[in-house]
Amino acid sequence: MPDDFVVTPWEVKGSVDYDRLVTQFGTERITPEILERIRKTTGELHPMLRRGVFYSHRDLNWILDRYEKGTPFALYTGRGPSSGIHIGHMLPWFFTKWLQEKFHAKLYFQITDDEKFLFKDFDNLEDATKVGYDNILDIIAMGFDPKLTSIFLDTEYIHHLYPIAVEVAKRVTYSTTLAVFGFENANNIGEIFYTSIQAAPAFLPTIEAGKEVPVLIPCGIDQDAHFRITRDVAPKLGYPKPALIHTKLLPSLLGPGGKMSASIPESSIFTTDTEAQARKKVMNAFTGGRATVEEQRRLGANPYICSIFAQYNYIFEPNDKNLAIVEETCKSGARLCGDCKAELWEKVRPWLKAHHAAREKAKDHVEEFVVRDR
Ligand code: TRP
């Protein structure tokens, strides 16, 4: 079957069929039974779980089994600092913060300045590191608990990561990376080695504790390839396989067939956008509306292809009843796209303002979060 979409750590293209990815990658769907287990433990379900935004997993039942028997788990996630942060990047972070609060879990946050130097067109490594520090402000501004969160840049924490990465690298053959990532002769050798660096933090909690610590990795489904390799290697090194919980990618404001992309500023709201810039993006966003008001009143519109509805669904309307009203009145033609845009903006505006302030404040708190080799 020819694929009309591509999802790899380096590229997301086309209209993604998320069900097909579950089969392709060999992950498991988050079932109603698992949701019920989580709800029992946490007392509520995050909207992203209720709505299937986080929809796929590996070994989540094992994490919950261990937790219910009194073994806490650690969280591990990361950010490749290629650019400024947009709300699509933050999607898994909102959820990770909820997990940290509900499970009182320690969070390991990897900033892969090495990765983005190797894979993107940075001239200097220091430029990627600089973007990393800029991104860290957004991470801190999310409100993670400083007592439970360590953020590290690969280039500054490599003494901790390298011994693990070398152990991993020895167990991953060239033919495996070729099969998983499709590397070509022109790829540089750092790119080929890189997966072992992204694997390393999955084993850090166990090494630090001197005993087995289960690890849960919340991440975009596009990152799964790295962790398939990580999980294959884990038992060979005597570590538990990290569990995963995967999110879909936040749809672009420009319409179907893409995730939000840093190289296309109009596709997403960036955390450093001015109010005017962000407003313009919302007002110009792709919707599922009809050609004319008359037609829309008569025939209704399509929320399922609408980028504005997607922003409500994924992030900005936590209340299910309100979301259902938007959905129904959109389909019936009772509301017009202008209504939705104006309402979304009324949610984005205060959020953006608060984030700007939190981001400024974060500048004084970097040292409470960042860990380094020395
Ligand atoms: N490779 C990821 C990116 O490009 C960054 C990353 C490193 C990551 N470790 C991770 C993402 C763990 C999710 C989970 O953004």
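Every value quoted in this text rests on a predicted model; they were computed, and no experiment measured them.

Student: I'm lost on the overall build of the chain in this one. Help?
Tutor: Along the backbone of the chain there are 18 helices and nine strands. Relative to the compact-globule value of 21 Å for 374 residues, the chain shows a C-alpha radius of gyration of 21 Å, a close match. Across its three principal directions, the C-alpha atoms of the chain cover 65 × 50 × 50 Å. Among the 374 residues that make up the chain, the fraction classed as buried is 53%. Counting contacts in the chain only where the partners sit at least 6 residues apart, residues at least 24 apart contribute 77% of the total. When the accessible surface of the chain is split by element, carbon and sulfur atoms take 53% of a total near 17000 Å². Charged side chains of the chain number 46 positive and 50 negative; the gap between the two group centres comes to 4 Å.

Student: How should the sheet that holds strand 7 (residues 149-153) be read in this particular structure?
Tutor: Sheet strands associate in pairs through backbone hydrogen bonding, adopting either a parallel or an antiparallel arrangement. Across the sheet, which stays open at both edges, the seven strands sit in the order 3-4-9-8-5-6-7 with mixed pairing between neighbours. If you trace the sheet from one side to the other, it starts and ends with strand 3 (28-29) and strand 7, each paired once. Where strand 5 (residues 74-79) and strand 8 (residues 215-220) come together, two bridges link them in parallel fashion. Looking across to strand 8, one finds that A74 is bridged to V215. This element, helix 5 (residues 87-103), spans strand 4 (54-58), strand 5, strand 6 (107-111), strand 7, strand 8 and strand 9 (243-247) of the sheet and lies at about 165 degrees to strand 5.

Student: How do you make sense of the packing of helix 2 (residues 32-42) against helix 4 (residues 60-68) when you look at a structure like this?
Tutor: Two quantities define a packed helix pair, namely the angle between the axes and the distance from one axis to the other. Running from N to C, helix 2 and helix 4 cross one another at 30 degrees; their axes reach a closest spacing of 11 Å. If you check the angle between helix 2 and helix 4, you find them roughly parallel. Of the two possible hands of crossing, helix 2 and helix 4 adopt the one that is left-handed. Here I34, R37, I38 and T41 of helix 2 lie close against helix 4, whose contacting residues are L60, N61, L64, D65, Y67 and E68. Residue composition of the contact of helix 2 with helix 4, by class: five nonpolar, two polar and three charged.

Student: Looking at this structure, how should I read the pattern of salt bridges?
Tutor: Close approach of charged atoms allows side chains with opposite charge to pair. According to the stated counting rule, one finds 29 salt bridges in the structure shown. Between E68 and R37 there is a salt bridge; the shortest N-O distance is 3.1 Å. Here E68, found in helix 4, pairs with R37, found in helix 2; they are 31 residues apart in sequence, far enough to count as distant. On the accessibility criterion, E68 (48% relative accessible area) is partly exposed. Across the salt bridge formed by E101 and K97, the nearest N and O atoms sit 3.3 Å from each other.

Student: Before we go on, may I ask you to explain the pairing of strand 7 in this structure?
Tutor: Across a regular strand the side chains alternate sides, sitting on one face of the sheet and then on the other. Along strand 7, five of the five residues are buried, which leaves the element largely enclosed by surrounding structure. Judged by which residues are buried, strand 7 turns out to be covered on both faces: T149, I151 and L153 on one side and S150 and F152 on the other are all buried. Relative to strand 7, strand 6 runs parallel, the two being bridged by five bridges. Each residue of the ladder has a partner; that of Q110, found in strand 7, is F152.

Student: Can you walk me through the nonpolar core in this structure?
Tutor: As a rule of thumb, soluble globular proteins bury nonpolar side chains together. L49, I87 and L216 are the most contacted members of the largest nonpolar core, which has 65 residues in total. Ranked by residues supplied to this core, first place goes to helix 5 with eight residues. Split by domain, the residues of this core number at least three in each of domain 1 (5-249) and domain 2 (265-361). Not counting residues up to four positions away in its chain, the partners in contact with L49 are I30, L35, I38, F54, F95, W98 and I245. I164, A199, I217 and A234 belong to the second-largest nonpolar core, a separate cluster that totals 27 residues.

Student: Would you mind showing me how to read the site of the ligand here?
Tutor: In the vicinity of the ligand, 14 residues are found, and the nearest of them are Y76, Q110, E115, Q198 and Q223. Contacts to the ligand include Y76, whose side-chain N or O atom sits 2.9 Å from a nitrogen atom. In the complex, the protein chains occlude 92% of the 370 Å² of accessible area that the ligand would expose alone. Mapping the ligand onto the cavity grids shows that it belongs to the largest pocket. For the shell around the ligand, the secondary structure elements donating two or more residues are strand 5, helix 6 (113-119) and strand 8. Ranked by residues supplied to the shell around the ligand, first place goes to strand 5 with four residues.

What counts as what
Residues numbered from 1 in each chain as written. Predicted model: local features only at pLDDT ≥ 70, side-chain atom pairs only at ≥ 80, totals over all residues. Heavy atoms only, no water. Helix = DSSP H or I, 4+ residues; strand = E, 2+ residues; numbered from the N terminus. Rg over C-alpha atoms; globule rule 2.2 N^0.38 Å. Buried < 20%, exposed > 50% of the residue type's maximum accessible area, 1.4 Å probe, protein only. Contact = heavy atoms within 4.5 Å. Areas by Shrake-Rupley, 256 points an atom, 1.4 Å probe, with all protein chains shown as cover. Lys, Arg positive; Asp, Glu negative; His and termini not counted. Charge placed at Lys NZ, Arg CZ, Asp CG, Glu CD. Pairing = 2+ DSSP bridges. Axes fitted to C-alpha atoms, helices over the stretch in contact; angles between N-to-C directions. Parallel < 35°, antiparallel > 145°, perpendicular 65-115°, else oblique. Left-handed = near helix turned anticlockwise from the far one by under 90°. Nonpolar A, V, L, I, M, F, W, Y, C, P; charged D, E, K, R; others polar. Salt bridge = Lys/Arg side-chain N within 4 Å of Asp/Glu carboxyl O. Core = buried A, V, L, I, M, F, W, Y, C linked by side-chain atoms within 4.5 Å. Domains from an automatic or database assignment. Near = heavy atom within 4 Å. Polar contact = N/O pair within 3.5 Å; in protein donor to acceptor, adjacent residues only side chain to side chain. 1 Å grid on protein atoms, 1.4 Å probe; cavity = no way out; pocket = protein on both sides within 12 Å on 5 of 7 lines; lining within 4 Å. Sits in = over half its atoms within 2 Å of the grid points.

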